[in-house]
Structure formats: C-alpha cells, structure tokens
Amino acid sequence: MSDLLLASSPVHKKVPVLIHNGKPICESRIILEYIIDEVFPVDGAALLPADPYDWAVARFWAAYIDDKFVAPWAPMFKGKTEEEKAEGIKQILAAVETLEGALKGCSKEKPFFGGGTVGLVDIMLGAHIPGVRATEVLTGAKIFNAAITPLLALWTERFGELDTPKKVLPDVNGMVEYVKRRQAQ
Ligand SMILES: N[C@@H](CCC(=O)N[C@@H](CS)C(=O)NCC(=O)O)C(=O)O
C-alpha cells in the first residue's frame, strides 16, 4: 500500500481516493456526489436533478445501493459458513427487488433512474453490472432476473449500450478469471 494512499485514506485505507486541488476525497459514492456537485454539468449531462427533492431521493438510493446491495457481497463470497453465504445472496436479491421499485419511482416512466438521462443512481448501480454478471457466472445465481425485476433487466441493457459504460466498465470474462485466480491462491 503506497504512502500516498495511506496519507490520503487514513481511516479506511482503501481505493478509490480522488485528490482534487491537493485534497483527498474518499469513498466512491462521496466522490461521485462531489464530482456531480463540483463540476456539474459534466459534458452537458444533467447528472444533478434540478429539483432538490429529486436530488435527496437520488442520494437516498445511492446510499441504499452501498448499504444493502453492495455490503452483502462480502458475506456471499467470503462467508465462513454456507448459511452466511446464503444469507448474503438472499439480501442481495431482496435489495434488487427494492431497487426495481426505486427505478419505477425515480425514472417517472423514462429510461433511467435519473429520468431521461443517467444520474447518480444509474452510475452507482451501473458500475456494478459487470460484477453482477461475473457473480452470475461464478455462482449460477440469477441476480438481475427479467422474470422478477423486468424494469431493471431492461435498464441493465440500456445502460450497457451507452458509450461511456462501454468504454470504462471492466470485461466480465476478465473479472471471472480474476476471481477464480484469487480463489485458487
Ligand atoms: N466503500 C468503499 C469501498 C472501497 C473498497 O472496498 N476498496 C477496495 C478495492 S475495491 C480496497 O481498497 N481494498 C483494500 C483493502 O481492503 O485492503 C467505496 O465505495 O469506496
């Protein structure tokens, strides 16, 4: 771990850290919110909802994704017992069902959580699509299941077709190989 990372992220000692104007900002969600607040508009995209209530709701769901969707990933993969692993996947599936309702509410019948354009929640959840796909390959679990969460299933396709996600999201096969290598070590 580099001295720069330790100095920039002394509490959690984790990446990512954004260093802006020489000052560190930690935690990916906080970094995203900072970027959206600071440099809005990004390439003219309306990442920040014009309405303060919609922005509060977007922050709520962004935090939900961290706390309820991402957090159970650790017990699912690293749980000491089969029960802990099963509980992890159960919590992820419950969060996905809740997020189906969030998409319905936030999108207001438009394509994204952000409405007509990608917003904070789209980026938060969209960043995990390759990880979800890799997990589906590795575990056989169906996480974004069109039969249970049809809106989210369509949303993942729509999000994956956008130019930026296509450019920056990691390759699923590469992720699967990486996890297999780590598990073998
Ligand atoms: N909640 C953090 C999680 C960051 C995180 O887990 N980072 C991992 C890499 S993906 C890390 O730095 N791990 C180093 C470690 O745990 O020692 C965020 O969203 O920024």
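What you see is a predicted model; the values in this text were computed from it and never measured. (Residues numbered from 1 in each chain as written. Predicted model: local features only at pLDDT ≥ 70, side-chain atom pairs only at ≥ 80, totals over all residues. Heavy atoms only, no water.)

## A word on the environment of Ala102
As for its placement among the helices and strands, Ala102 is situated in helix α5 (residues 82–107). Classification of Ala102 by relative accessible area gives buried; the value is 3%. Along the primary structure Ala102 and Ala58 are separated by 44 residues, whereas in three dimensions their C-alpha atoms are 9.5 Å apart. Aside from chain neighbours lying at most four places away, what touches Ala102 is Trp61, Ser107 and Phe113. (Helix = DSSP H or I, 4+ residues; strand = E, 2+ residues; numbered from the N terminus. Buried < 20%, exposed > 50% of the residue type's maximum accessible area, 1.4 Å probe, protein only. Contact = heavy atoms within 4.5 Å.)

## Considerations on the site of the ligand
All residues in the neighbourhood of the ligand are listed as Met1, Lys14, Val15, Pro16, Glu27 and Ser28. Within the side chain of Glu27, an N or O atom sits 2.8 Å from a nitrogen atom of the ligand. For the ligand, whose unbound accessible area comes to 520 Å², protein coverage reaches 49%. Classifying every residue of the shell around the ligand by side-chain character gives three nonpolar, one polar and two charged. (Near = heavy atom within 4 Å. Polar contact = N/O pair within 3.5 Å; in protein donor to acceptor, adjacent residues only side chain to side chain. Areas by Shrake-Rupley, 256 points an atom, 1.4 Å probe, with all protein chains shown as cover. Nonpolar A, V, L, I, M, F, W, Y, C, P; charged D, E, K, R; others polar.)

## Regarding the pairing of strand β2 (residues 23–26)
Sheet topology places strand β1 (residues 17–20) next to β2; four bridges connect them, and they run antiparallel. The partner of Leu18 across the bridge, within β2, is Ile25. Count of turn residues in the β1/β2 antiparallel hairpin: two residues, of which Asn21 carries a positive phi of about 50 degrees. (Pairing = 2+ DSSP bridges.)

## Examining the UniProt feature "domain: GST C-terminal" (unreviewed entry) in the chain
Taken from the UniProt record, the annotation "domain: GST C-terminal" (unreviewed entry) applies to residues 51–185. What you have in residues 51–185 is 73% helix and 0% strand, and the ends, taken at the C-alpha atoms, are 49 Å apart. (UniProt positions renumbered as here; feature names shortened; annotations may be inferred.)

## Concerning the packing of aromatic side chains
Evaluated as defined, the whole model comprises six aromatic pairs. Chaining the aromatic ring pairs together yields one cluster made of Phe60, Trp61 and Tyr64. (Phe/Tyr/Trp six-rings, centres within 6.5 Å; stacked < 30°, edge-to-face > 60°.)

## Quick look at the packing of helix α3 (residues 52–70) against α5
Axis separation between α3 and α5 bottoms out at 10 Å; the angle between their running directions is 165 degrees. Here α3 lies roughly antiparallel to α5, going by the angle between them. In this structure, the crossing between α3 and α5 has a hand that is left-handed. Between α3 and α5, the residues in contact are Val57, Trp61, Tyr64, Ile65, Lys68 and Phe69 and Gln91, Ile92, Ala94, Ala95, Val96, Thr98, Leu99, Ala102 and Cys106, respectively. Taken together, the residues that form the contact of α3 with α5 break down as twelve nonpolar, two polar and one charged. (Axes fitted to C-alpha atoms, helices over the stretch in contact; angles between N-to-C directions. Parallel < 35°, antiparallel > 145°, perpendicular 65-115°, else oblique. Left-handed = near helix turned anticlockwise from the far one by under 90°.)

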